[in-house]
Amino acid sequence: MQRRLVLVRHGQSEWNLKNLFTGWKDPDLTERGVEEAIEAGRRLKAEGIVFDAAFTSKLKRAQRTNQLILNELGQRTLPVVEDEALNERDYGELTGLNKDEARKTWGEQKVLMWRRSYDVPPPGGESLRDTVARTLPYFVREILPVVLQGKTTLVTAHGNSLRALIMTLERLTPDELLRRELFTGAPIIYEVNADSTIESWKDLAGSPAAAS
Ligand SMILES: O=C(O)[C@@H](CO)OP(=O)(O)O
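Everything numeric here is computed off the predicted structure, so don't read it as measured data.

## Structural notes on the pairing of strand β2 (residues 53–56)
Taken together, the four bridges between β2 and strand β4 (residues 153–157) define a ladder with parallel strand orientation. In the sheet register, Phe55 faces β4, and the bridge partner there is Val155. Pairing geometry for β2 and strand β3 (residues 80–82), over three bridges, is parallel. If you follow Thr56 over to β3, its bridge partner there is Glu82. In this view, the connection linking β2 to its parallel neighbour β3 by way of helix α3 (residues 60–72) has right-handed handedness.

## Side note on the packing of helix α4 (residues 99–106) against helix α5 (residues 108–116)
Closest axis-to-axis distance for the α4/α5 pair is 7 Å, and the angle between their directions is 125°. Judged by the angle between their axes, α4 and α5 are oblique. Contact residues: Ala102, Arg103 and Trp106 in α4; Glu108, Lys110 and Val111 in α5.

## Points about the UniProt feature "site: Transition state stabilizer" (unreviewed entry) in the protein
UniProt feature "site: Transition state stabilizer" (unreviewed entry): in the numbering of this structure it lies at His158. Tracing the chain through its elements places His158 in the loop between β4 and α7 (159–169). Under the C-beta neighbour-count criterion, His158 is labelled buried, with 26 such atoms within 10 Å. Excluding its chain neighbours within four sequence positions, the residues that come into contact with His158 are Arg9, His10, Ser57, Ala62, Asn87 and Glu88.

## A closer look at helix α6 (residues 128–148)
The end-to-end C-alpha distance of α6 is 26 Å, clearly below the 30 Å that 21 residues give at a rise of 1.5 Å each. All of the buried residues in α6 are Leu128, Thr131, Val132, Thr135, Phe139, Ile143, Leu144 and Val147. Residues of α6 that are buried in the fold lie against β1 (4–9), β2, β4, α7 and β5 (188–192). Downstream of α6 by one or two residues, Gly150 has phi in the positive range, about 90°.

Rules used in this analysis
- Per chain, the residues get numbers from 1 upward, laid out in the order the sequence is written.
- In keeping with the model being predicted, local features are shown solely for residues with a pLDDT of at least 70 and side-chain atom pairs are shown and tallied solely at 80 or more, while totals for entire chains, interfaces and linings include all residues.
- Paired strands, as defined in this entry, are two strands with at least two bridges between them according to DSSP.
- Put simply, DSSP marks the helices as runs of H or I at least four residues long and the strands as runs of E at least two long, and each gets a number from the N terminus on.
- A crossover counts as right-handed when, viewed with the strands pointing away from the observer, the path leading from the first strand over the helix to the second turns clockwise.
- Between N-to-C directions, angles span 0 to 180 degrees; the directions come from axes that are lines fitted to C-alpha atoms, helices contributing only their stretch in contact.
- Put simply, angles under 35 degrees are roughly parallel, angles over 145 are roughly antiparallel, angles from 65 to 115 are roughly perpendicular, and the rest are oblique.
- Whether two residues are in contact depends on their C-beta atoms, placed from the backbone: they are in contact if these lie within 7 Å.
- UniProt positions are given in the numbering used here, feature names are shortened, and annotations may be inferred rather than shown by experiment.
- Field definition: a residue is buried when 20 or more other C-beta atoms are found within 10 Å of its C-beta, exposed when 12 or fewer are, and partly exposed for counts in between, with C-beta atoms placed from the backbone.
- Helices are assigned an expected span. That span is 1.5 Å times one less than the residue count.

What follows is the structure, given as structure tokens:
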């Protein structure tokens, strides 16, 4: 039985373009973001993917990306489950600030720590560990059982909420995870074993990889 899980980070948003901390704010996709989402759909089509189930967050940029992918695959009527468990990491007081300005105010190291450390939360926001604690139980309860039934499943979400899932799927240490950047609109296809470990994965932004 084939058990397939596809993760896609949303296409470029208006706030990605403006270089602002976005978190739970709800900007739309830019034109480039729309193109990236359509291109993700084309690449998945070229891989012969047909989805049986789809999940996304409560935020517009992920929902639109998800719909553009499904449209491209001729699956616009596939039911999509939306849940805020898949929302982006909450950036707290940094939300809406320019990332370069933030570096000038607090220094390169501090901002890097807030953006990419595992357990240091930005002021008033979630650390990546907090995001894992929100996202992973939802994944295990709602998404993984669907994948294990042999349903090819699409999850369209955000840089850090997906990083939280990838950490478990690819068995990355917090350190390895911090170096794992996700590109907008680049699908990652996982082949999942019956015991829910990962047989292999293919990052359509890069080259094929095997689970170690
Ligand atoms: O602003 C955000 O919400 C995220 C994702 O775009 O940014 P970062 O890459 O800094 O975690």
